[in-house]
Amino acid sequence: MNLTLTEDQREFQKLARSFLDATAVPHRTQWDRDEEVDPAIIPQMGEIGFFGITIPEEYGGLGGDFITYCVGLEELGRVDSSLRGIVSVSAGLVGKTLLAHGTEQQKQRWLPGIASGTQVGCFGLTEPDNGSDPAGLKTRARREGAEWVINGSKIFITNATIADVALVFARTGGAGARGLSAFLVPTDTPGFERSLIHGKLGLRGQATAEMSFSEVRVPADALVGEEGKGFKYAMQTLDKGRVSVAAGCVGIVQGCLEASVAYAKERQQFGKPIASYQLVQDMIAEISVDADAARLLTWRAAALVDCGEPFGTAASKAKLFASEAAVKAANLAIQVFGGYGYIDEYPVQKYMRDARVMTLYEGTSQIQKLLIGRAETGISAF
Ligand code: COS
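Just so we're clear, the structure is a prediction, and the values are computed from it rather than from any experiment. (Residues numbered from 1 in each chain as written. Predicted model: local features only at pLDDT ≥ 70, side-chain atom pairs only at ≥ 80, totals over all residues. Heavy atoms only, no water.)

Undergrad: How do you make sense of the packing of helix α5 (residues 81-101) against helix α6 (residues 104-116) when you look at a structure like this?
TA: Each packed pair of helices is defined by two parameters, the angle between the axes and the distance between the axes. Between α5 and α6, the shortest axis-to-axis distance is 10 Å and the interhelical angle comes to 160 degrees. Between α5 and α6, the crossing angle belongs to the class labelled roughly antiparallel. As α5 runs across α6, the sense of the crossing is left-handed. Of the residues in α6, those touching α5 at S90, A91, V94, G95, L98 and L99 are Q106, K107, W110, L111 and I114. In terms of residue class, the contact of α5 with α6 is made up of 7 nonpolar, 3 polar and 1 charged. (Axes fitted to C-alpha atoms, helices over the stretch in contact; angles between N-to-C directions. Helix = DSSP H or I, 4+ residues; strand = E, 2+ residues; numbered from the N terminus. Parallel < 35°, antiparallel > 145°, perpendicular 65-115°, else oblique. Left-handed = near helix turned anticlockwise from the far one by under 90°. Contact = heavy atoms within 4.5 Å. Nonpolar A, V, L, I, M, F, W, Y, C, P; charged D, E, K, R; others polar.)

Following this line, the structure appears as structure tokens:
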């Protein structure tokens with residue numbers, strides 16, 4: 001595994017950083033207050049390549065590798081995790097499931113739009129009663145002639161209100177993991193309602209919503225892959241999703257580091273910059289080591305993806321470590337900033353609020369530990 005970036009990856013990092021510094025940094029506080037990023041930035045991010053990095057050229061993407069994708073997500077996380085989430089869900093969870101299991105027609109229909117950021121996808125797995133345990137989800141799809149008819153509801157769905165298409169997991173068979181199937185449902189299908197969730201602690205610029213399905217009819221060819229394989233597809237996709245969350249968390253840690261260093265060198269107390277105090281350097285050193293450790297775990301998982309080797313446990317380790325590191329780094333950064341860290345003139349309180357969900361979604365820290373524990377012992381504790 002290469003521990004440094006290639007020339008091309010560095011170029012992409014530079015491009016991503018300068019784009020985000022110019023178009024997102026000046027607005028992220030206002031987007032956070034307004035609970036909405038400017039939707040115009042989504043196709044602009046598409047032009048830079050954030051959505052299309054790992055989508056093959058024949059579907060309008062760049063055909064790049066997973067490490068480059070992680071580099072892009074780190075830069076997004078460094079600036080605004082709401083933007084990172086929009087990309088991770090649309091290009092990642094939806095795009096990657098389609099690439100792996102969609103028909104040629106489904107790929108042609110949706111991937112070019114997703115790759116360019118002119119169309120957005122959302123991933124409908126979580127339900128009000130099923131978060132950590134998606135095998136028990138209750139949304140149903142029944143077959144009627146040439147159609148599937150979907151009934152049920154989903155919650156905490158990133159992108160739901162801005163999405164053109166939802167990848168919906170629904171029960172087509174009996175109880176448990178083998179009874180689930182995946183469907184592509186255009187969001188303008190009659191009976192499909194979405195309602196925005198307000199008042200989130202973080203990720204405020206990103207649309208998070210409930211979705212409900214009342215006799216929603218889709219054609220037979222809306223089924224993705226094979227009937228009864230939906231749980232497996234969701235788990236495979238979430239393995240990659242966890243690497244992408246980890247990459248976004250690396251960005252949060254890096255952002256906390258850069259903000260803390262800059263502030264500590266400028267802020268004077270007792271007649272000298274606070275960066276000259278050992279206890280402040282202690283906090284900066286903690287954040288710095290965590291940034292490197294989280295990045296290396298993330299790149300290791302991404303490198304395994306690129307080599308086509310098993311990466312699920314590496315993904316869980318990266319996601320567990322990086323998400324916990326992001327919460328810790330944001331907390332330390334606020335400590336470095338003192339009272340100024342508590343107001344939104346500076347980014348560190350937003351890092352704290354955005355980081356907090358990272359240990360919850362795409363598998364809680366506890367789920368990651370159980371997956372790592374199962375891989376180590378061969379014994380399932382759930
Ligand atoms: N890749 C491919 N297949 C997988 C898989 C993976 N990562 N994980 C499980 N499967 C398969 C298993 O091989 C098994 O297949 P068979 O029925 O053919 O044997 C099937 O799926 C059931 O697996 P398992 O028994 O492990 O399922 P569980 O219900 O015990 O899964 C965990 C438990 C905790 C792993 C799972 O429910 C999970 O990851 N939960 C967290 C979900 C999550 O992240 N939610 C947040 C969503 S935010 S979008």
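Now that the structure has been shown, the text picks up again.
Undergrad: Even after reading the chapter, I still don't get the packing of aromatic side chains, so can you show me in this structure?
TA: Within a pair of aromatic rings, the relevant descriptors are the distance that separates the centres and the angle that separates the planes. Within this structure, the stated rule accounts for 11 aromatic pairs. Aromatic side chains Y263 and F337 sit 4.2 Å apart centroid to centroid with 15 degrees between the ring planes, which places their arrangement in the stacked category. Remark: F337 occurs in helix α9 (residues 312-337) and Y263 occurs in helix α7 (residues 230-266); sequence separation between them is 74 residues. The cationic tip of K96 hangs over the ring face of Y69; the distance from NZ or CZ to the ring centre is 4.0 Å. We note R109 situated over the ring of W110; from NZ or CZ to the ring centre the distance is 3.7 Å. (Phe/Tyr/Trp six-rings, centres within 6.5 Å; stacked < 30°, edge-to-face > 60°. Lys NZ or Arg CZ within 6 Å of the ring centre and 35° of its normal.)

Undergrad: Help me understand the site of the ligand in this model?
TA: Taken together, 21 residues are adjacent to the ligand, and S132, R178, D239, R242 and G363 come closest. One of the side-chain N or O atoms of R242 is found 2.9 Å from an oxygen atom in the ligand. When the ligand is considered free in solution it has 1000 Å² of accessible area, and contact with the protein chains removes 71% of it. Of all the secondary structure elements, the ones that give two or more residues to the shell around the ligand are α7 and α11 (365-377). The element best represented in the shell around the ligand is α7, accounting for 7 residues. Among the residues making up the shell around the ligand, the classes are represented as 10 nonpolar, 5 polar and 6 charged. Residues lining the shell around the ligand come from more than one domain, with at least three contributed by each of domain 2 (123-227) and domain 3 (231-377). (Near = heavy atom within 4 Å. Polar contact = N/O pair within 3.5 Å; in protein donor to acceptor, adjacent residues only side chain to side chain. Areas by Shrake-Rupley, 256 points an atom, 1.4 Å probe, with all protein chains shown as cover. Domains from an automatic or database assignment.)

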